[in-house]
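So you can see what is in the structure, the chains are spelled out below.
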Amino acid sequence: MSLEIETEHSDADDLEAAAGVFKQMRPRLFGIAYRMLSSATEAEDLVQEVWLRWQTYDRSTVSDPEAFLATITTRLAINVLKSARTRRETYIGPWLPEPVDTSADPYLGAERDEALEFATLMLMEKLTTNERAAFVLREAFDYSYAQIAGILSSTEPSVRQLVSRARKHLAGERRTPASAAEQRDLLTAFLAAARTGDLAALEKLFTPDVASISDGNGRTRVSRRPVVGANRVAKFLLAISGWFWNGLDVRWTTVNGRTSAALCQNGEMYGLLTVSATAEGIDQVLWLVNPEKNTAVTVQA
């Protein structure tokens, strides 16, 4: 009987220790999963799956729990991302990343802000799954090439190539981003001009190739195609200024490390509006109006 009690105590102590390790790693695991999947909901589900696997795994065989948990998270994320890309083919209209509320920094656990902004997440959709994983692990969490090679079951030279290709792809498609303060100033100016339909003021804020992208997954009165070009986007905003802003209350929030406007109607959130900006001006106007994607975002009163 005493042996059974000792065994039970030993098992309980072991599980408590395992829970402690997981709790400490959880912010980083969520940060990896979110940057891989661009979805806070899917990242939460994935981290929960990692916990279930960690509970039932023979932990006596694990010499480095942190490396083990990061490996499981990354490999699961690669699998989920492959299936997610297939699911997104049936999405109605443009698909944008699901925002994550960084005003309280919930479970992001990143040492850096890399691979968190919408513009970067959108560009990373074009990378291969292994390029994306290697880039996230290296740029956001500063894993060594040797560590990443172990996680991806690859070699160090191959990982260096993956990271290099990812960097070149992202650098080749995006100008230098504006600072967080500059982005907020541009968003504030944009809102003022958009609500009044000031065509000239809007065009001055935009880069020539600016795109207005709306994610509504079929929601009524939401554009299902991007509007591209400074003049076209300005005219689009002028066209909707007479009705869209009626009854909307604009409040501030912080998602993905940048300021966003929460558009509230009758006390409920209609959607999020933010801009991606560079030194040349606003290059993307992003409308996140799929209700399923904004549930976790907190809004200032």
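Describing the overall build of the protein
Consideration 1: Along its length, the protein carries 10 helices and 6 strands.
Consideration 2: Expressed along its principal axes, the backbone C-alpha trace of the protein runs to roughly 80 × 45 × 35 Å.
Consideration 3: The buried share of the protein, reckoned over its 301 residues, is 49%.
Consideration 4: When the accessible area of the protein is evaluated, it comes to approximately 14600 Å², of which 50% is carbon and sulfur surface.
Consideration 5: Distance from the positive charge centre (33 side chains) to the negative charge centre (39 side chains) of the protein: 10 Å.

Here's the deal with helix 8 (residues 180–196)
Residues lying three or four places apart along an α-helix face the same way, a consequence of the helix completing one turn every 3.6 residues.
Consideration 1: Taking 1.5 Å of rise per residue, the 17 residues of helix 8 would be expected to cover 24 Å, and the 25 Å separating its terminal C-alpha atoms lies within 8% of that figure.
Consideration 2: Of the positions making up helix 8, those classed as buried are Gln183, Leu186, Leu187, Phe190, Leu191, Ala193 and Ala194.
Consideration 3: Just downstream of helix 8, glycine 197 is the residue with a positive phi angle, here 70°.

Focus: the pattern of salt bridges
Consideration 1: Per the counting criterion, the structure on display carries 14 salt bridges.
Consideration 2: Note that aspartate 209 is salt-bridged to arginine 175, the shortest N-O span being 3.0 Å. Of this pair, aspartate 209 sits in strand 1 (residues 206–215) while arginine 175 sits in the loop between helix 7 (156–173) and helix 8, placing them 34 residues apart in sequence.
Consideration 3: A residue is classified by how much of its surface remains accessible, and aspartate 209, at 41% relative accessible area, is partly exposed.
Consideration 4: Residue arginine 175 is classed as partly exposed on the basis of its relative accessible area, which comes to 33%.
Consideration 5: A network of salt bridges, in which partner residues are shared, links Arg88, Glu125 and Arg132.

A short note on the side chain of lysine 293
Consideration 1: Summarising the element assignment, lysine 293 is placed in the segment after strand 6 (281–288).
Consideration 2: For lysine 293, a relative accessible area of 9% gives the class buried.
Consideration 3: Apart from the residues lying within four places of it in its own chain, the contact partners of lysine 293 are Tyr91, Trp95, Leu96, Pro97, Glu98, Pro99 and Asp215.

Observations regarding the packing of aromatic side chains
Consideration 1: If you walk through the whole model with that rule in mind, you get 10 aromatic pairs.
Consideration 2: For the pair tryptophan 243 and phenylalanine 244, a centre-to-centre distance of 5.9 Å together with 80° between the ring planes defines the contact as edge-to-face.
Consideration 3: Assessed through its relative accessible area of 11%, phenylalanine 244 is described here as buried.
Consideration 4: A ring pair is formed by phenylalanine 244 and tyrosine 270, whose centres lie 5.8 Å apart and whose planes are at 70°; its orientation type is edge-to-face. Taken together, the positions of phenylalanine 244 in the loop between helix 10 (230–240) and strand 3 (248–255) and tyrosine 270 in strand 5 (residues 268–278) put the pair 26 residues apart, joining distant regions of the chain.

Topic: the sheet that holds strand 3
For sheets, the rule is that strands pair by backbone hydrogen bonds, running either parallel or antiparallel.
Consideration 1: Here 6 strands make up an open sheet; going across it, the order is 2-1-6-5-4-3 and the pairing mixed. Strands with a single pairing partner mark the edges of an open sheet, and in this sheet they are strand 2 (227–228) and strand 3.
Consideration 2: Examined bridge by bridge, strand 4 (residues 258–265) and strand 5 share 5 bridges and lie antiparallel to one another. Bridge assignment links glutamine 265 to a residue of strand 5, and that residue is glutamate 268.

Rules and cut-offs
- Residues numbered from 1 in each chain as written.
- Predicted model: local features only at pLDDT ≥ 70, side-chain atom pairs only at ≥ 80, totals over all residues.
- Heavy atoms only, no water.
- Helix = DSSP H or I, 4+ residues; strand = E, 2+ residues; numbered from the N terminus.
- Buried < 20%, exposed > 50% of the residue type's maximum accessible area, 1.4 Å probe, protein only.
- Areas by Shrake-Rupley, 256 points an atom, 1.4 Å probe, with all protein chains shown as cover.
- Lys, Arg positive; Asp, Glu negative; His and termini not counted.
- Charge placed at Lys NZ, Arg CZ, Asp CG, Glu CD.
- Expected span 1.5 Å × (residues − 1).
- Salt bridge = Lys/Arg side-chain N within 4 Å of Asp/Glu carboxyl O.
- Contact = heavy atoms within 4.5 Å.
- Phe/Tyr/Trp six-rings, centres within 6.5 Å; stacked < 30°, edge-to-face > 60°.
- Pairing = 2+ DSSP bridges.

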